[in-house]
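Chain and residue survey
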Amino acid sequence: PAVFYCSSNGGNVELYYQRALDPFGASWGIPQLLLTGTPDPFPVSSLSDCKAFVLDGRPFVLFDIGDGLTTMHAYDEDGNWWGLPYLLHTGNHDNIDLSIINGQPVAAFMHRTGYLNGGLCELFYKRATDYISNLWQAPSSLATNIHPTPGLSLQLVEGNPAVAFLDQNNDIAYLRASDDLGSI
């Protein structure tokens, strides 16, 4: 097992990775500081907007700790050596999901369009164009003026990416791409 978590240090949010030393999680290695973010106006004790999985045998994480939606991946299976962070999308984000579709990372996320307009969000879909997530396509907007409610889900449905979320009326909305690359 392994975990990603955030801690606040001097007003800055820090992202850590920690791996268990045994398969049962009874003993843990030393936490690795992966990244220090900008000062957090809303102090956190956990990382709620974070998705992680194993990509090509190595840890991979998608997160937002105040600097925008960012990805990082390890260069080794144990997560001892990490690449530089890749800024996927600027701004504040709510409700992110990440999946591997057709061998490539795919992200769905709600970008907060402002706090003055009721905190509404725009839903985006973004796909890596290579299997190790070094290059990403431009984001596709799927829906606008939606509330940042929990429950965003990105899945592969009959060979094509699909997202389910709560729309501006808090009704369940479902969108499925017309092809396996995520075209709308």
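In this report, the structure presented in the accompanying data block is examined. Quick caveat, the model's predicted, so the values are computed rather than measured.

Helix and strand counts for the protein chain stand at zero helices and 14 strands. The buried share of the protein chain, taken over its 184 residues, is 45%. Summarising the internal contacts of the protein chain: among those between residues at least 6 apart in sequence, 38% fall at separations of at least 24. For the protein chain, the exposed surface amounts to about 9300 Å²; the carbon and sulfur share of it is 54%.

Of all residues except glycine, most have a negative phi; of all peptide bonds, most are trans. Phi is positive for D56, close to 55°, though the residue is something other than glycine. Note on placement: D56 falls in the loop between strand 4 (50–55) and strand 5 (58–64).

All told, the structure shown has two salt bridges when counted by the stated rule. In this structure, D78 engages R19 in a salt bridge whose closest nitrogen and oxygen atoms are separated by 3.6 Å. One end of the pair, D78, is in the loop between strand 6 (69–73) and strand 7 (86–89); the other, R19, is in strand 2 (residues 12–19), with 59 residues separating them in the sequence. Among the ionic pairs, R58 bridges to D56, the shortest N-O distance being 3.8 Å.

Here the focus is the environment of H89. Positionally, H89 belongs in strand 7. When its relative accessible area of 13% is taken as the criterion, H89 is described as buried. Sequence spacing of H89 and F124 is 35 residues, and the spatial spacing of their C-alpha atoms is 9.8 Å. Side-chain polar atoms of H89 contact the side chain of H93, separated by 3.0 Å.

Rules of the game
Residues numbered from 1 in each chain as written. Predicted model: local features only at pLDDT ≥ 70, side-chain atom pairs only at ≥ 80, totals over all residues. Heavy atoms only, no water. Helix = DSSP H or I, 4+ residues; strand = E, 2+ residues; numbered from the N terminus. Buried < 20%, exposed > 50% of the residue type's maximum accessible area, 1.4 Å probe, protein only. Contact = heavy atoms within 4.5 Å. Areas by Shrake-Rupley, 256 points an atom, 1.4 Å probe, with all protein chains shown as cover. Salt bridge = Lys/Arg side-chain N within 4 Å of Asp/Glu carboxyl O. Polar contact = N/O pair within 3.5 Å; in protein donor to acceptor, adjacent residues only side chain to side chain.

Just geometry here; none of it tells us what the structure is for.
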